[in-house]
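Given next are the chains, with one letter for each unit.
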Amino acid sequence: MSGDGSGSGWEKFGAIDPYFAVVNQEAYRGTRLPAGAREQFFQSGKAHVESVMADVRAHIDPAFAPRRGLDFGCGVGRLTIPLARVCGSVVGVDIAASMLAEARENGREFGITNMELRQSSADLAELDDAFDLVHSFIVFQHISRARGEVILKAILDHLLPGGVGVMQFTYHRKASRSRKLVHWCRKTVPLANGVVNVAQGRAFAYPLMPMNEYDLNRLFLMIQDAGCDRSFVRFTNHGGHLGLVLYFQLR
Ligand SMILES: C[S@@+](CC[C@H](N)C(=O)[O-])C[C@H]1O[C@@H](n2cnc3c(N)ncnc32)[C@H](O)[C@@H]1O
């Protein structure tokens, strides 16, 4: 996978390790999870959406009841499925057809009928409808800052007045210089990821999950310029990748 989030690595992840690619725990390896692991995986998504809706109602809009939601980077539907239960309807978009195929199957198994799944281009230029909830969690961090800003602009352009955004971004990595250098090489130097893979006991072609940090000043400016006023922030820390979930509402 190139470091800009253009998608070929995610296609591979979707084919070999779709659940592990979403939540990096060994219990989630492979394409078919044992019942216990599967239940735990989807329970984590349900808990996430419950806490997001509680935050929105406590800090942004107590009466918020979304009619149409967007889940950007929906993966296998871990969060899209519980979002479908709190929205009139939900659209999940993802760059990887293999991830969407898994999400479609999961939606069927959970009996979800108000969830539409679409493959998106790398910059989301094709997005054509409007939403009153736009949501994304642990996705922008895998997309280069330049491309991610283009995508955020596209999403903001499709937020309805009174609509709410809940979007997570990473902004800093707590790691030694050498770790950061190795990650940068894996993202940008041809074959470097393969060499590290073999050194660490993985197949040469195992894809990299690139991580990227965003400039918060630029994100806040984009969001405020789009006409959003009420806001709330919750910090995230996934193994030293520091980030935040930005909650905001369009006037
Ligand atoms: C770590 S997973 C998170 C999935 C989901 N948000 C969740 O938390 O369960 C990241 C997802 O983002 C998708 N993705 C990566 N780059 C993307 C892009 N440019 N456009 C849309 N989806 C993308 C990947 O295919 C993958 O399914």
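Residues numbered from 1 in each chain as written. Predicted model: local features only at pLDDT ≥ 70, side-chain atom pairs only at ≥ 80, totals over all residues. Heavy atoms only, no water.

### Here's the deal with the overall build of the protein
Moving on, step 1. The number of helices and strands found in the protein is 8 helices and 7 strands.
Moving on, step 2. Taken over C-alpha atoms, the radius of gyration comes to 18 Å for the protein, in line with the 18 Å a tight globule of 251 residues would show.
Moving on, step 3. Considering only residue pairs separated by 6 or more positions, the protein has 69% of its internal contacts joining residues 24 or more positions apart.
Moving on, step 4. As displayed, the protein offers around 11500 Å² of accessible surface, 56% of which is attributable to carbon and sulfur atoms. (Helix = DSSP H or I, 4+ residues; strand = E, 2+ residues; numbered from the N terminus. Rg over C-alpha atoms; globule rule 2.2 N^0.38 Å. Contact = heavy atoms within 4.5 Å. Areas by Shrake-Rupley, 256 points an atom, 1.4 Å probe, with all protein chains shown as cover.)

### Examining the pattern of salt bridges
Moving on, step 1. A full pass over the atoms with the stated rule returns 15 salt bridges.
Moving on, step 2. Salt-bridge contacts for arginine 67 lead to aspartate 132; the nearest nitrogen and oxygen are separated by 3.6 Å. Within this pair, whereas arginine 67 is found in the loop between α2 (35–59) and β1 (68–72), its partner aspartate 132 is found in strand β4 (residues 131–136), the two being separated by 65 residues in sequence.
Moving on, step 3. Judged by its relative accessible area of 5%, aspartate 132 falls in the buried class.
Moving on, step 4. Here glutamate 149 and arginine 218 are joined by a salt bridge, their closest N and O atoms 2.7 Å apart. Of this pair, glutamate 149 sits in helix α5 (residues 145–156) while arginine 218 sits in helix α8 (residues 216–225), and the two are 69 residues apart along the sequence. (Salt bridge = Lys/Arg side-chain N within 4 Å of Asp/Glu carboxyl O. Buried < 20%, exposed > 50% of the residue type's maximum accessible area, 1.4 Å probe, protein only.)

### Quick notes on the site of the ligand
Moving on, step 1. Around the ligand, a shell composed of 21 residues is seen, among which Val22, Gly73, Arg78, Asp94 and Phe137 lie nearest.
Moving on, step 2. Here an oxygen atom of the ligand sits 2.5 Å away from a polar atom, N or O, in the side chain of aspartate 94.
Moving on, step 3. Backbone polar atom of phenylalanine 137 to a nitrogen atom of the ligand: 3.0 Å apart, as the coordinates give it.
Moving on, step 4. Protein chains bury 100% of the 600 Å² of accessible surface belonging to the ligand in isolation.
Moving on, step 5. A breakdown of the residues in the shell around the ligand according to their chemical character gives 14 nonpolar, 5 polar and 2 charged. (Near = heavy atom within 4 Å. Polar contact = N/O pair within 3.5 Å; in protein donor to acceptor, adjacent residues only side chain to side chain. Nonpolar A, V, L, I, M, F, W, Y, C, P; charged D, E, K, R; others polar.)

### Some details on the nonpolar core
Moving on, step 1. If you look at the biggest cluster of nonpolar residues, it comprises 44 residues, and the most contacted ones within it are Trp10, Phe41, Val56, Val166 and Tyr247.
Moving on, step 2. No other element matches α2, which puts 7 residues into this core.
Moving on, step 3. Residue contacts for valine 56: discarding those within four places in its chain leaves Asp61, Phe64, Val164, Val166 and Tyr247. (Core = buried A, V, L, I, M, F, W, Y, C linked by side-chain atoms within 4.5 Å.)

### Digging into α5
Think of an α-helix as 3.6 residues a turn; residues three or four steps apart then line up on the same face.
Moving on, step 1. A rise of 1.5 Å per residue sets the reference length of α5, with its 12 residues, at 16 Å; its end C-alpha atoms lie 16 Å apart and thus fit the reference within 8%.
Moving on, step 2. Taken as a whole, α5 has its buried residues at Gly148, Glu149, Ile151, Leu152, Ala154, Ile155 and Leu156.
Moving on, step 3. Elements in contact with the buried residues of α5: β1, β4, β5 (159–173), α8 and β7 (241–250). (Expected span 1.5 Å × (residues − 1).)

### Describing the sheet that holds β1
Moving on, step 1. Pairing is mixed across the open sheet formed by 7 strands, whose spatial order is β3-β2-β1-β4-β5-β7-β6. Each edge of the open sheet carries a strand with a single partner, namely β3 (115–119) and β6 (228–238). The sheet shows a mean angle of 15° between the axes of neighbouring strands, direction not considered.
Moving on, step 2. Two strands pair when backbone bridges link them, and strand β2 (residues 89–94) and β3 are joined in this way by 5 bridges, in the parallel orientation. (Pairing = 2+ DSSP bridges. Axes fitted to C-alpha atoms, helices over the stretch in contact; angles between N-to-C directions.)

### What about the environment of leucine 159?
Moving on, step 1. With respect to the helices and strands, the residue leucine 159 is situated in strand β5.
Moving on, step 2. A residue is classified by how much of its surface remains accessible, and leucine 159, at 8% relative accessible area, is buried.
Moving on, step 3. Along the chain, leucine 159 and leucine 133 lie 26 residues apart, while their C-alpha atoms are 7.3 Å from each other.

### Quick look at helix α6 (residues 177–188)
Moving on, step 1. The end-to-end C-alpha distance of α6 is 16 Å, a good match for the 16 Å that 12 residues give at a rise of 1.5 Å each.
Moving on, step 2. If you check which residues of α6 are buried, you get His183, Arg186 and Lys187. For α6, the angular spread of buried residues about the axis comes to 100°, placing them on one side. Of the exposed residues in α6, the ones pointing more than 90 degrees away from its buried face are Arg177 and Leu181.
Moving on, step 3. Contact partners of the buried residues in α6: β5 and α7 (192–199). (Arc of directions from axis to C-beta.)

### Let's talk about the packing of aromatic side chains
Moving on, step 1. A full pass over the atoms with the stated rule returns 12 aromatic pairs.
Moving on, step 2. Across the ring face of phenylalanine 20, the terminal group of arginine 29 is positioned such that the distance to the ring centre comes to 3.5 Å. (Phe/Tyr/Trp six-rings, centres within 6.5 Å; stacked < 30°, edge-to-face > 60°. Lys NZ or Arg CZ within 6 Å of the ring centre and 35° of its normal.)

### Details of unusual backbone geometry
Moving on, step 1. Backbone geometry places leucine 124, a non-glycine residue, at a positive phi of 65°.
Moving on, step 2. The residue leucine 124 is located in the loop between β3 and β4 in this model.
Moving on, step 3. The class of leucine 124 is buried, set by a relative accessible area of 1%.
Moving on, step 4. For isoleucine 138, which is not a glycine, the phi torsion comes out positive at approximately 50°.
Moving on, step 5. One can find isoleucine 138 in the loop between β4 and α5.

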